[in-house]
Amino acid sequence: MKKHRKAVEPVEERPELEMDTKMPSETLDNHQEIMEELCQLFNSEDFCDVQLVINEKVFLKAHRVILAIGSDFFRNMFSNDSWQESKQNVIQLKEQDNCVDYFQDFLRYFYTGCITVNAENLFPIYMLSDKYGVLAVKQGCEKFALKNVTNGPISQAIAWCQQAAYMNFKELEEACNKFIALNMMAVAKSPEWLSLEPEYLDSLLSRPDLVVESEFELFRAVKRWLSQNKGHADEILKHVRFPLMAPEDVYDPGFLDTLPEKVKETFSSQSVLVYQVNSLPIETISLFHDVLSPPFSMRLYTSPNFGCSRKMNNFSCSSSVSIEFSTRLFQLRTSWSITTQGSCQDRYRGNPCTSSACPSWTCRVKECNLSGENHDHKLCLLLYKNIDEKWLVCHYKTYDIPHGQDVGLGNLVSKSEREQCMYKNTIFAHFIGKTLWKRP
């Protein structure tokens with residue numbers, strides 16, 4: 001006898017429960033405690049599955065998973081059977097000698113996410129982070145280096161420049177070169193001057209932002225360098241701009257006798273041109289020489305013949321400033337005037353000065369004894385920074401100054417420049433009146 005199967009009644013669909021947004025919730029954030037536990041694993045026997053041996057001198061216990069998470073290099077090593085180290089419990093690492101002492105600090109970063117970078121360990125840490133693919137540390141080192149180029153002495157800039165060139169860190173290399181060029185006379189007086197490589201000095205003397213006291217003082221520095229680096233006179237002396245020297249610089253017969261024979265020949269032949277440019281019209285000189293070429297173009301000279309310096313106390317609050325100086329180039333004589341307009345309104349309200357409330361500066365070429373048709377003028381501003389009680393140039397900027405016009409210079413020194421350059425409420429600046437010849 002067949003049993004009749006009981007019909008299955010359809011199940012009534014129940015509506016999905018909606019999350020009550022009013023229900024209380026709380027995020028349990030214990031990442032700090034977990035990080036502290038992770039830090040405890042650094043160089044610890046606990047769960048250690050690999051030992052790193054650096055140059056057979058430094059022995060560090062580590063954990064593969066942490067190394068792989070923190071480094072592209074180690075991730076590739078442990079995930080690729082073609083690496084013999086992928087199955088080894090002891091891994092031999094070969095590093096440059098200057099990196100060995102800092103490898104432990106570098107490895108600690110894998111466990112803590114923290115590392116302190118300073119001028120001493122900057123490049124070892126940079127090289128390790130580059131090799132092992134730790135991008136965050138590498139980028140941090142780059143930012144630190146670029147930020148601190150102008151925060152150390154000239155010797156540091158020279159050393160950093162050499163390291164940057166070795167590591168192909170172009171941005172840092174150029175930043176160091178700029179700082180070195182802006183402080184060329186400090187470099188020439190440093191112990192590093194005589195040991196500069198010929199190729200480097202050659203490139204340095206070619207820079208348009210070279211700041212020197214005068215061309216004659218630069219020549220004297222080059223003469224000292226050549227005394228220790230014989231055989232490079234031709235390639236280095238070609239950068240000396242003899243026409244920019246003053247007649248009184250080249251007149252002393254006694255100085256000529258102190259020069260090596262090769263240098264003496266060049267100096268004697270070029271001395272004639274010094275007298276010519278200071279006695280003949282520039283139009284006559286241009287018939288025989290390209291007056292737009294480097295030998296006839298001003299560098300950034302800090303001697304009184306080309307401008308003046310000024311230490312300005314309470315710079316932001318200065319209510320009235322008037323600076324006047326004269327410059328001379330060949331037969332050209334120029335008088336310059338730099339003044340402020342207005343006064344700092346914040347000063348009288350008892351508030352800290354803001355850039356918008358500070359007085360504005362203007363510059364004018366007051367007098368010029370030659371026709372403006374054969375030349376133009378620029379005002380160059382050098383801003384100095386006090387480093388270890390020495391004033392070094394850290395910024396420069398230029399302004400076009402047409403004849404007979406008052407040219408606005410704005411606040412002259414921006415807020416960020418004041419923050420970097422102000423020392424004991426003082427701004428040290430140098431104003432250079434520059435002349436650029438036009439093609440006849």
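Above this text sits the structure in question.
In this text the structure is predicted, and so the values were computed from the model without any measurement.

The rules we used
- Residues numbered from 1 in each chain as written.
- Predicted model: local features only at pLDDT ≥ 70, side-chain atom pairs only at ≥ 80, totals over all residues.
- Heavy atoms only, no water.
- Pairing = 2+ DSSP bridges.
- Helix = DSSP H or I, 4+ residues; strand = E, 2+ residues; numbered from the N terminus.
- Axes fitted to C-alpha atoms, helices over the stretch in contact; angles between N-to-C directions.
- Contact = heavy atoms within 4.5 Å.
- Buried < 20%, exposed > 50% of the residue type's maximum accessible area, 1.4 Å probe, protein only.

1. Quick word on the sheet that holds strand β2 (residues 58-62)
Ordered in space as β2-β1-β3, the three strands form an open sheet in which the pairing is mixed. Strands with a single pairing partner mark the edges of an open sheet, and in this sheet they are β2 and β3 (90-93). Neighbour to neighbour, the strand axes of the sheet diverge by 25° on average, direction disregarded. Note that strand β1 (residues 50-54) and β3 share four bridges and pair parallel. Pairing of L52 across the sheet is with I91, part of β3. Against the sheet, helix α5 (residues 103-112) makes contact with β1, β2 and β3, and its axis sits at roughly 5° relative to β2, the strand it touches most.

2. Some details on unusual backbone geometry
One non-glycine residue, F47, lies in the positive phi region at around 60°. Of note, the phi angle at N55 is positive, near 55°, even though the residue is not glycine. Here N55 is to be found in the loop between β1 and β2. In this structure N55 comes out as buried when scored by relative accessible area, which is 12%.

3. Quick word on the sheet that holds strand β8 (residues 332-341)
The four strands lie next to each other as β7-β8-β9-β12, forming an open sheet whose pairing is antiparallel. This sheet does not close on itself; its edge strands, each paired only once, are β7 (322-329) and β12 (407-410). For this sheet, the mean angle separating the axes of adjacent strands, direction not counted, is 25°. Pairing analysis gives eight bridges linking β8 to strand β9 (residues 360-368), with the strands arranged antiparallel. Directly across from W336, in β9, lies its bridge partner V365.

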